[in-house]
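# Fold and geometry: a report
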Amino acid sequence: MQSSHKKLFLFFLSCIVLIFNYNNSVFVTATSELGLNYGLLGDNLPPPSNVINFFKSIGITKIRIFDPNTTVLDALRGNKEIGVTVGVKDQDLAALATSEEAVNSWFTTNIEPYLADVNITFITVGNEVIPGPIGPQVLPVIQSLTNLVKSKSLPISVTTVVAMSNLGQSYPPSAGKFNPQSREQLVPVLKFLSQTSTPIFVNIYPYFPYASDPVNIHLDYATSNTETVVVQDGPLGYSNMFDAMFDAFVWAMEKEGVKDLPMVVSETGWPSAGNGDLTTPDIAATYNGNVLKHIVSGKGTPKRPNSAIEGFIFAVFNENQKPAGTEQNFGLYNPVDMKPIYKLF
Ligand SMILES: *[C@@H]1O[C@H](CO)[C@@H](O)[C@H](O)[C@H]1NC(C)=O
Ligand SMILES: *[C@@H]1O[C@H](CO)[C@@H](O)[C@H](O)[C@H]1NC(C)=O
């Protein structure tokens, strides 16, 4: 090779190396900020140990599991870089709500065996059970578990996961207000969490309001795919529904005197199939990609501009034992071969 060609070749080579490093570092930073919901309602899911290795290979450091599944927790042993949120099963709440002894024994069985080598950061008590018939069981269990982890000086926070159905009103965001049953069941929980600034976990799915009114709601607004302000709410301008839903919940909390309680987005996502043109891999990729950008940007919402969004996408896999239709199609990956359903990272 002639010397000038050699120089040119080396120049291009270094460009390629630079581009590769650049992409690689963006990729790692991005995924390390993002949480994933690891649901298990499928009969064709890969073994948990493969899944945990896969998370590590793509740089995931936060996951949520819906119950203290021993196979998953065993697979997490030694992988302390992954922070784990573990759910208490809804059907266990009744027994736990009336007996501290039962709570102690739940903890001894399900959490204690993993404390040495699994990084359990949160325990969530009940998944979208407030507002509802077993909603009142949540607070006593949160209280008992909080006392327990405190008495053992463990760095675990205890909270619950709730849906937007707690809002009786949500539009515009500043009108956000809890419905009567949520005022009874949720507000005491929020006040308890406030004492220790423990975040409330809220599931936020712009897909559902969009799917119920795709004629009047712009797809770009629902998928966070525009910078244009669509909803002007007093001094606050909203270009996407995710922020509007988040802030409606913040406003509702404020009206109950709960001012600065942190909120984690425990679930968000978009199905890639199941409802015609509204659910394509492209739209799902757009929405989840924009959520990821929002999280990585470190920016908050119009009402909380200085608090970065902490969030978990639902879900890792399409789960074939969920109700048929969109519910089975929220996954980022196909369980059978662990191939992406669309490109996100
Ligand atoms: C835990 O998850 C695995 C893998 O999906 C499943 O086969 C197993 O039945 C679950 N175990 C329990 C105790 O639920
Ligand atoms: C445990 O997980 C949390 C949350 O993801 C993280 O901040 C922390 O660094 C992890 N701990 C270890 C020992 O890696």
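You'll find the protein chain entered in an unreviewed UniProt entry as glucan endo-1,3-beta-D-glucosidase, with Brassica carinata given as the organism. Here is the UniProt Sequence similarities (unreviewed entry) comment for the protein chain, exactly as written: "Belongs to the glycosyl hydrolase 17 family." Of the protein chain, the UniProt comment under Catalytic activity (unreviewed entry) reads exactly: "Hydrolysis of (1->3)-beta-D-glucosidic linkages in (1->3)-beta-D-glucans."

## Focus: the overall build of the protein chain
The helix and strand tally for the protein chain stands at 12 helices and 12 strands. In terms of overall size, the protein chain behaves like a compact globule, its C-alpha atoms giving a radius of gyration of 22 Å where 345 residues would be expected to give roughly 20 Å. On the principal axes, the C-alpha backbone points of the protein chain span a range of 80 × 50 × 40 Å. Looking at the protein chain as a whole, 50% of its 345 residues qualify as buried. Considering only contacts within the protein chain whose residues lie at least 6 apart along the sequence, 69% involve residues at least 24 apart. With an accessible surface of roughly 15,700 Å², the protein chain has 55% of that area assigned to carbon and sulfur atoms.

## Some details on the nonpolar core
Formed by 99 residues in total, the largest nonpolar core has its most connected members in Y38, F55, I63, L145, I200 and F249. A total of 10 residues in this core trace back to one element, the largest contributor, which is helix α11 (residues 241-255). Not counting residues up to four positions away in its chain, the partners in contact with F249 are V162, A163, M164, N166, L167, F178, L186, I200, V202 and M263.

## Topic: the confidence of the model for the protein chain
Residues of the protein chain with pLDDT of at least 70 account for 92%, and the chain-wide mean is 93. In this model residues 6-28 is a low-confidence stretch, pLDDT under 50, and it forms 4 contacts with partners more than four residues away in sequence or in other chains.

## Brief notes about the sheet that holds strand β12 (residues 311-314)
Read around the closed barrel, the 8 strands follow the order β1-β2-β3-β4-β5-β8-β11-β12; overall the barrel is parallel. Averaged over all pairs of adjacent strands, the angle between strand axes in this sheet comes to 25°, irrespective of strand direction. Here strand β8 (residues 200-203) runs beside strand β11 (residues 263-268); their pairing, made up of 4 bridges, is parallel. Bridge assignment links N203 to a residue of β11, and that residue is E267.

## Examining the site of ligand 2
The local shell around ligand 2 consists of T61, K62, K80, E81, G83, N119 and T121. The separation between an oxygen atom of ligand 2 and a polar main-chain atom of T61 is 3.4 Å. Surface burial for ligand 2 is 45%, taken as the share of its 350 Å² of free accessible area covered by protein chains. Counted by class, the shell around ligand 2 contains no nonpolar, 4 polar and 3 charged residues.

## Structural notes on the site of ligand 1
Taken together, L40, N69 and T71 make up all the residues around ligand 1. Separating an oxygen atom of ligand 1 from a side-chain N or O atom of N69 is a distance of 2.4 Å. Expressed as a share of its isolated accessible area of 360 Å², the protein-covered part of ligand 1 is 45%.

## Describing helix α2 (residues 48-58)
All buried positions along α2 are accounted for by P48, V51, I52, F54, F55 and I58. All buried residues of α2 lie within an arc of 160° about the axis, which places them on one face of the element. Positive phi appears at G59, one or two residues downstream of α2, with a value of about 80°.

## Some points on helix α6 (residues 138-151)
An ideal rise of 1.5 Å per residue puts 20 Å on 14 residues; α6 measures up with 20 Å between its terminal C-alpha atoms. Turning to α6, its buried residues number three or more, namely V138, L139, V141, I142, S144, L145, T146, L148 and V149. In this structure, the buried side of α6 is in contact with β3 (83-88), α4 (93-97), α5 (100-110), β4 (119-127), β5 (157-163) and α8 (187-195). At the C-terminal side of α6, S153 shows a positive phi close to 50°.

Parameters and conventions
Residues numbered from 1 in each chain as written. Chains lettered and ligands numbered in written order. Predicted model: local features only at pLDDT ≥ 70, side-chain atom pairs only at ≥ 80, totals over all residues. Heavy atoms only, no water. UniProt positions renumbered as here; feature names shortened; annotations may be inferred. Helix = DSSP H or I, 4+ residues; strand = E, 2+ residues; numbered from the N terminus. Rg over C-alpha atoms; globule rule 2.2 N^0.38 Å. Buried < 20%, exposed > 50% of the residue type's maximum accessible area, 1.4 Å probe, protein only. Contact = heavy atoms within 4.5 Å. Areas by Shrake-Rupley, 256 points an atom, 1.4 Å probe, with all protein chains shown as cover. Core = buried A, V, L, I, M, F, W, Y, C linked by side-chain atoms within 4.5 Å. pLDDT = per-residue confidence, 0-100. Pairing = 2+ DSSP bridges. Axes fitted to C-alpha atoms, helices over the stretch in contact; angles between N-to-C directions. Near = heavy atom within 4 Å. Polar contact = N/O pair within 3.5 Å; in protein donor to acceptor, adjacent residues only side chain to side chain. Nonpolar A, V, L, I, M, F, W, Y, C, P; charged D, E, K, R; others polar. Arc of directions from axis to C-beta. Expected span 1.5 Å × (residues − 1).

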